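An overview of the molecular structure
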Amino acid sequence: MASTLNKTIRLTPQDRNSPVKRLPSRLHKLSDTIYCGDAIEALKKFPPQSFDLVIADPPYNNGVDFGNKSDKQLEHHYRVWVKQWIELLPRVTTDTASFYICCDWVHSGFFQEQLESIGLYIINRITWKRDKGRGAKRNWKQNMEDVWFAVKDPKHYTFNIDQVKVKKNVIAPYRANGKPKDWYINESGEAERLTHPSNIWTDLTVPFWSMPENTEHPTQKPEAMIERMIEASSMKGERVFDLFSGSGTTSVVAKRLNRHYTGIELNEDYIRVAMKRLRQENNG
Ligand SMILES: C[S@@+](CC[C@H](N)C(=O)[O-])C[C@H]1O[C@@H](n2cnc3c(N)ncnc32)[C@H](O)[C@@H]1O
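Residues numbered from 1 in each chain as written. Predicted model: local features only at pLDDT ≥ 70, side-chain atom pairs only at ≥ 80, totals over all residues.

Things to note about the overall build of the protein
Looking only at helices and strands, one finds seven helices and 14 strands in the protein. Taken along its principal axes, the extent of the C-alpha atoms in the protein is 65 × 50 × 50 Å. By the burial criterion, 30% of the 284 residues in the protein qualify as buried. In the protein, of all internal contacts separated by at least 6 residues, the share reaching a separation of at least 24 is 66%. (Helix = DSSP H or I, 4+ residues; strand = E, 2+ residues; numbered from the N terminus. Buried ≥ 20, exposed ≤ 12 C-beta atoms within 10 Å, placed from the backbone. Contact = placed C-beta atoms within 7 Å.)

Digging into the sheet that holds strand β11 (residues 191-195)
The sheet built from three strands is open, its strands ordered β7-β11-β10 with antiparallel pairing. At either end of the open sheet lies a strand with only one pairing partner, and these are β7 (166-169) and β10 (184-185). Across four bridges, β7 lies against β11 in antiparallel orientation. Considered in β11, the bridge of K168 is made with R193. (Pairing = 2+ DSSP bridges.)

Brief notes about unusual backbone geometry
For D182, which is not glycine, the phi torsion reads 60 degrees and is therefore positive. Assignment of secondary structure puts D182 in the loop between β9 (179-180) and β10. Positioned with a positive phi, N258 is a non-glycine residue whose angle comes to about 60 degrees. On the basis of neighbour count, N258 is assigned to the exposed category, with 11 C-beta atoms found within 10 Å.

Some words on the sheet that holds strand β3 (residues 51-56)
The sheet built from nine strands is open, its strands ordered β1-β2-β14-β13-β3-β4-β6-β5-β12 with mixed pairing. Across the chains shown, the open sheet's two edge strands, defined by having one partner strand only, are β1 (21-22) and β12 (200-201). In the sheet, strand β13 (residues 239-242) pairs with strand β14 (residues 260-265) via four bridges, with the strands oriented parallel. Each bridged residue has a counterpart across the sheet, and for F241 the counterpart in β14 is T262. Along the sheet, helix α5 (residues 223-233) contacts β3, β4 (93-103), β5 (121-129), β12 and β13; its crossing angle with β3, the most-contacted strand, is approximately 155 degrees. Against the sheet, helix α7 (residues 268-282) engages β2 (33-36) and β14, with an angle of about 170 degrees to β2. (Axes fitted to C-alpha atoms, helices over the stretch in contact; angles between N-to-C directions.)

What about the site of the ligand?
The environment of the ligand is formed by 18 residues, the closest being A39, F244, G246, S247 and T249. Taken together, the residues that form the shell around the ligand break down as seven nonpolar, seven polar and four charged. (Near = placed C-beta within 6 Å. Nonpolar A, V, L, I, M, F, W, Y, C, P; charged D, E, K, R; others polar.)

Structure, rendered in structure tokens:
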């Protein structure tokens, strides 16, 4: 019997019959929607300057064995495909737009090159601890992923540092004139301060069965991770775009944070999962 603690969002037979919105032949006006379609087709259809923030979490082309010829061809096709969608990003984004592009370590250098080759400025490389999966017998366990943080204009981009500061325990609380200097006592009675977040994110958990955000999508990103990106790099009312929407994490978080959202996803059932999550947001 399934555990009552299992909070995984699953599709009912009724959910599976719900319609999804197809990409129209032309898109004039954007509404908060996840469209069913191909990312490259979509990128060609959106009006110029449509989005303030892009979060892209593409498929990773896992399981490539570089010793095998057909896998080499697969890898080649993957790289040509990545190049194609990356080249289409500047047209659909505003002049002050920011970009977070997720990738595994195998392709990290390639993604960096591609982003720079289209004239984006890479502001940082975030590495996050992705603690899931089996250990390897003859290798180090794969435990991290990268996110490239890029902007169009390094002089004009949004970065709301106060929204994303992190709490840190103070080991030697310093007082000036008897008053705490940049620290306070938290609810547990410990000295704590808010500090600038770094580019190594070790505090995230890949969603699992007892978490209410969990779905059956195999590579769902943590809401807390996307929340950090949206809080830092967009303002309320701005438009967030996710071209590989999956279970809809970006749209769900964007909605919660009062941003507009647009998603693209090939798989109809993943869109239905996202729609279910968005409905749950409505119901608080
Ligand atoms: C890594 S997952 C994204 C997971 C997502 N960030 C989440 O939190 O659920 C990549 C997604 O891209 C979708 N996808 C693959 N090729 C695509 C394409 N050409 N256009 C649109 N979506 C595509 C896959 O179906 C998959 O759901």
